[in-house]
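Structural overview
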Amino acid sequence: NLPSREERAEIGRRARAIYEPMREQLEKDYWGEYLTINVDNGDYAVAPEHMEAVRIMRAKYPGELFFTFRIGYRAVFHFRGLGATDGKRPQGAKQ
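Another point: the overall build of the protein chain. Across its full length, the protein chain holds 3 helices and 3 strands. Along the protein chain, helices (α) and strands (β) appear in the sequence α-α-β-β-α-β when read from the amino end. A separation of at least 24 residues holds for 51% of the contacts in the protein chain among residues at least 6 apart in sequence.

This part takes up the sheet that holds strand E3 (residues 66-70). Whenever strands of a sheet pair, they do so through backbone hydrogen bonds, lying parallel or antiparallel. Strand order in the open sheet formed by 3 strands is E2-E1-E3, and the pairing between neighbours is antiparallel. Lying at the two open borders of the sheet, with one neighbouring strand each, are strand E2 (44-47) and E3. Taken over all neighbouring pairs, the strand axes of this sheet differ in orientation by 20° on average, direction set aside. Relative to E2, strand E1 (residues 34-38) runs antiparallel, the two being bridged by 4 bridges. Bridging across to E2, Leu 35 finds its partner in Val 46. Its contacts with the sheet put helix H1 (residues 5-19) on E1 and E3, and the angle it makes with E3 is roughly 55°.

A separate point is the packing of aromatic side chains. Under the definition given, this model contains 3 aromatic pairs. Measuring from ring centre to ring centre gives 5.9 Å for Trp 31 and Tyr 73, while their planes differ by 45°; the resulting arrangement is tilted. In this pair, Trp 31 sits in the loop between helix H2 (23-30) and E1 while Tyr 73 sits in the segment after E3, placing the two residues 42 residues apart along the sequence. Centre to centre, the rings of Phe 67 and Phe 69 are 5.0 Å apart; their planes meet at 55°, and the pair counts as tilted. The buried category is assigned to Phe 69, whose relative accessible area is 11%. An aromatic cluster of at least three residues, connected via ring pairs, comprises Tyr 19, Phe 67 and Phe 69.

Rules and cut-offs
Residues numbered from 1 in each chain as written. Predicted model: local features only at pLDDT ≥ 70, side-chain atom pairs only at ≥ 80, totals over all residues. Heavy atoms only, no water. Helix = DSSP H or I, 4+ residues; strand = E, 2+ residues; numbered from the N terminus. Contact = heavy atoms within 4.5 Å. Pairing = 2+ DSSP bridges. Axes fitted to C-alpha atoms, helices over the stretch in contact; angles between N-to-C directions. Phe/Tyr/Trp six-rings, centres within 6.5 Å; stacked < 30°, edge-to-face > 60°. Buried < 20%, exposed > 50% of the residue type's maximum accessible area, 1.4 Å probe, protein only.

Structure below.
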């Protein structure tokens, strides 16, 4: 069963609340990589590929729901070459 629209919105809110306090450091260290968060306990994985981060979390927490961010971007994916970043890579962030 997939979560309802309201449940998905709540998962997103909880994930952002976990992400925000560490966002600046993650953007500096892992710009463009993927962060997958278990919103129930705050544990997370960072990996260069989306599915790699998800696989790490699924191995640790089978059957649970996760939320994924692309670090430094407003969206995990974008279409037609339209970037979802604000174009402002933090000073000192990896290339």
